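Overview (structure and organization)
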Amino acid sequence: MSAQSMAVTYVAWPTSTTVAAADQASTFGENLSGLFYQPAAASNPAVLWAVQNSPSKLYSLTWNGSNYVKNTNNSWASGKTLRYPNGSGAPDAEGVTMAELNSPALYVASERDGSGSSRLSILRYDTSAAGTTLKASNEWNLTADLPKVDSNAGLEAITWVPDSYLQASQFTDENTRLPYDPANYPSHGTGLFFVGLEANGQIYAYALNQSGSSYVRIASFVSGQSQVMDLAFDRDNNILWAACDNNCSGKTTLLSVDTAVGSPTKGKFVVRKGYNRPGSMSNMNNEGIAIAPESECINKLKTFIWADDGEDNNHALRRGTISCGPLF
């Protein structure tokens, strides 16, 4: 079944919190895309990581009580320019995620080099590196493994899902047709990377060899929408979020692995629910989402953030809330 043909019933956003601008006016310009929320740890505050595809930049942002502002430490004041492993190029950075939250490693999904031809890659960067430019330590070029697409309709989204959840839910490895076994993929780390392809709304799961550039596709499945612009995995509730932009009226779908005995989709990610965008937010070109952890819940609500690629009304970041706890 294709993403386009999958029937999803969309319901109202589950909170009535007003969505408000969460950055100072004209901070980023256009093209802010993927987001990832790194929770506070020990004495370190929470960080909102954001990527921009043109210019090719990564930003480290913190909340000052009113807005997300640029970190001024370690040369982050203007964001850091992203390069390929050879030190050149301008990755068209569309999505960003982390695996282990206590590691400085950060992963970026890119669909091309500048305005060039399709180059569907995942790039790893060391966020603790000094200087104003970050050179990727690794590139996993997925172009040959994915459908041929227009250079501006490629990888838009990335998130990481831990092995612990995939094993517990008996996620199906499409290579073996058996429950996923991490031991089959040495050097892949402790989870899989899920990327979203804009052109078809499909999600692809990969084991990435952390010691090189090789990879293995583990599975692919529909997001429930014709396009996907960002992915976020809620690690507290084991929910995979897939977001579309103004082309889908700002809708999101929520997925998890089907664990029902005897189900024809047992072991596969399936759409559990669909949400319309919050009523207080107009139909913007939101290409990024990020979700705060349960540890930050207040009155059973936690922060939900959107990145607007078009910087409507001179703001690229907006902040609302989502209900804490299981949503289905």
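Given the structure is predicted, the values throughout are model-derived calculations rather than measurements.

1. Topic: the packing of aromatic side chains
Within the structure shown, the criterion is met by 21 aromatic pairs. Pairing Trp13 with Phe304 gives two aromatic rings, centres 5.0 Å apart and planes at 80°, and the pair type is edge-to-face. Taken together, the residues span a long stretch of sequence, with Trp13 in the loop between strand 1 (10-11) and strand 2 (20-21) and Phe304 in strand 24 (residues 301-308) at a distance of 291 residues. In this pair, the class of Trp13 matches that of Phe304, namely buried. Between Phe171 and Phe269 the ring centres are 5.5 Å apart and the planes differ by 70°, which places this aromatic pair in the edge-to-face class. Linking Phe171 in the loop between helix 1 (163-168) and strand 14 (172-173) with Phe269 in strand 22 (residues 269-275), this pair joins segments that are 98 residues apart in sequence. No difference in accessibility class separates Phe171 from Phe269, as the two residues are buried. Three or more aromatic residues joined by ring pairs make a cluster, and in this case those are Tyr165, Phe171, Phe194, Phe221, Phe233 and Phe269. A cation sits over an aromatic face here: Lys251 above Tyr10, 5.3 Å from the ring centre. Of note, Arg319 hangs over the ring of Trp63, and the distance from its end group to the ring centre comes to 3.9 Å.

Analysis parameters
Residues numbered from 1 in each chain as written. Predicted model: local features only at pLDDT ≥ 70, side-chain atom pairs only at ≥ 80, totals over all residues. Heavy atoms only, no water. Phe/Tyr/Trp six-rings, centres within 6.5 Å; stacked < 30°, edge-to-face > 60°. Helix = DSSP H or I, 4+ residues; strand = E, 2+ residues; numbered from the N terminus. Buried < 20%, exposed > 50% of the residue type's maximum accessible area, 1.4 Å probe, protein only. Lys NZ or Arg CZ within 6 Å of the ring centre and 35° of its normal.

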